[in-house]
There are 2 protein chains.
Amino acid sequence: MMEKKISMAVIRRLPRYYRYLRELLNQNITRISSKELAERMNITASQIRQDLNCFGGFGQQGYGYNVTELHQQIGFILGVNKTQNIIIIGAGNLGQALANHAGFSKRGFNLTAIFDVDTDKIGTKINGVEVLSLENLGEYLEENDIKIAILTLPKQHTQKVADLAISHGVHGLWNFSHMDLEVPGDVFVENVHLSDSLMTLSYHLNKNN
Amino acid sequence: MMEKKISMAVIRRLPRYYRYLRELLNQNITRISSKELAERMNITASQIRQDLNCFGGFGQQGYGYNVTELHQQIGFILGVNKTQNIIIIGAGNLGQALANHAGFSKRGFNLTAIFDVDTDKIGTKINGVEVLSLENLGEYLEENDIKIAILTLPKQHTQKVADLAISHGVHGLWNFSHMDLEVPGDVFVENVHLSDSLMTLSYHLNKNN
């Protein structure tokens, strides 16, 4: 697909479009105007048209959007139209919670293994997925097609483990460690810094009080 | 403190400054130039000066920043210089993981209760904090000083429970449900949409391949 350079802000909105379109499909709504979609999403119709035009524009004047098609196209753009293998590194509370998260498999993410250093955890299963020794990470990545690793390990080990994963073919890191990773230019890091997020919330409450 | 109108982008960067300053203090570094801080944080010195000037500017020409003071001031701005009570609503995997998250108490957030509807969970403790019946939420909020609620419950119940919490004095919602909340203007919602975040990562991988 030919694409213009798309801003990060637009990319970040795509999963939200995808979510609302999925809900429309669940309600058997197969056609929607940008105006009506805008009302549901609490944004302007012009914003919607502008965002979706980045990808060639799926709407038709006077008809609106074909929901099935638009949902499918955005899924394609996001790469969630196919199965993607992921692993979790760090089987602590957060790693376990993510392993049990039902939403990921619905979006095509297939958790194939969880890695940890704790011998009590190695060999057990979380949500049906085996916990393997971190020692075997490199070997495992060589033998399996894994592009995405979820990092939920203590921050002092995260950079080293990320380097190892990258050297064995991982190209995307979903980083929950409370630190910033240094990675080569062709690797993408998506950070979820929970404490930062909570502090942002705290700022807004304190500003108002 | 007198403040200019501060952009959301600056606010979102403050927790990161706070984190790096904490690390400097841990290394007994009490004074730092904007240039050196910039190198550590992988941003420009001019960005740092611009960001911190929003709050009156803490640096001194030729001296740099007093790390202790700057850390303290940013903590004050973020409201993490004092203890803030929080509750978790939804004791599923994610709620449990957050209840066990060590980072929050370090930043002054004091988890006082967890709410759920599951009678098997009610009365048990997670990380020393009791799980209470969701039926008692309103009463609990009336009797305790709680401004922040963490929402980790199934999305079909989230809006209703959020409305209830708001009607009993909650002003900040940390929303992990995969939906968008509608709230009054004086209530702040910070969303953590994990699936959206993972899809953003997926987009970048698919774009490159």
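Residues numbered from 1 in each chain as written. Chains lettered and ligands numbered in written order. Predicted model: local features only at pLDDT ≥ 70, side-chain atom pairs only at ≥ 80, totals over all residues. Heavy atoms only, no water.

**Side note on the interface of chain B and chain A**
- With 57 residues of chain B in contact, the opposing surface of chain A contributes 58 residues.
- Between chain B and chain A lies a buried interface of about 5,100 Å² when both sides are counted; carbon and sulfur atoms form 64% of it.
- It is Leu198, Met199 and Tyr203 of chain B in chain B that bury the most area against chain A; as a group they hold 14% of the surface buried on that side.
- There are six salt bridges connecting chain B and chain A.
- One salt bridge connects Asp180 of chain A with Arg16 of chain B, and the closest N-O pair in it is separated by 2.7 Å.
- Viewed at the interface, chain A and chain B are joined by 26 residue pairs in polar contact (both at pLDDT 80 or more).
- Within the residue set of the side of chain B that touches chain A, elements represented by two or more residues are α1 (8-26), α4 (67-78), α5 (93-99), α6 (102-106), β8 (172-175), β9 (188-191) and α9 (194-208) of chain B.
- Counting residues per element, the side of chain B that touches chain A draws most heavily on α9 of chain B, which supplies 14 residues.
- The class makeup of the residues in the side of chain B that touches chain A is 27 nonpolar, 17 polar and 13 charged. (Contact = heavy atoms within 4.5 Å. Buried area = accessible area lost by both parts, 1.4 Å probe. Salt bridge = Lys/Arg side-chain N within 4 Å of Asp/Glu carboxyl O. Polar contact = N/O pair within 3.5 Å; in protein donor to acceptor, adjacent residues only side chain to side chain. Helix = DSSP H or I, 4+ residues; strand = E, 2+ residues; numbered from the N terminus. Nonpolar A, V, L, I, M, F, W, Y, C, P; charged D, E, K, R; others polar.)

**Here's the deal with the sheet that holds β9 of chain B**
Residues and elements named next belong to chain B.
- Read from one edge of the open sheet, seven strands run β5-β6-β4-β3-β7-β8-β9, paired in mixed fashion. Looking at strand neighbours, the two that pair on one side only are β5 (125-126) and β9, the edges of this open sheet.
- Along the sheet, helix α8 (residues 155-167) contacts β3 (84-89), β7 (148-151) and β8; its crossing angle with β8, the most-contacted strand, is approximately 160°. (Pairing = 2+ DSSP bridges. Axes fitted to C-alpha atoms, helices over the stretch in contact; angles between N-to-C directions.)

**With respect to the packing of helix α2 (residues 34-41) of chain B against helix α3 (residues 45-53) of chain B**
Residue and element names in this part refer to chain B.
- Two elements in contact, α2 and α3, have axes whose closest approach is 8 Å; the angle formed by their N-to-C orientations is 105°. Taken together, the axis directions place α2 and α3 in an arrangement best described as roughly perpendicular. Across the interface between the two elements, Ser34, Lys35, Leu37 and Ala38 of α2 pack against Ala45, Ile48 and Arg49 of α3.
- Here the contact of α2 with α3 is composed, by residue class, of four nonpolar, one polar and two charged. (Parallel < 35°, antiparallel > 145°, perpendicular 65-115°, else oblique.)

**Some words on the side chain of Thr200 of chain B**
- Considering the arrangement of structural elements, one finds Thr200 of chain B in helix α9.
- Given a relative accessible area of 1%, Thr200 of chain B falls into the buried group.
- Of the polar contacts made by the side chain of Thr200 of chain B, one reaches the backbone oxygen of Asp196 of chain B; its length is 2.9 Å.
- Setting aside its immediate chain neighbours within four residues, Thr200 of chain B contacts Met8, Ile11, Arg12, Pro15 and Glu190 of chain A. (Buried < 20%, exposed > 50% of the residue type's maximum accessible area, 1.4 Å probe, protein only.)

**Notes on the pairing of strand β4 (residues 109-116) of chain B**
Residues and elements named next belong to chain B.
- Most of β4 is tucked away: six of the eight residues are buried.
- Sheet analysis places β3 next to β4, joined by six bridges and oriented parallel. Its bridge partner being in β4, Ile89 is matched across the sheet by Phe115.
- Where β4 meets strand β6 (residues 129-133), three bridges bridge the pair, whose relative direction is parallel. Its bridge partner being in β6, Phe115 is matched across the sheet by Leu132.

Purely spatial values, then, with no claim about function.
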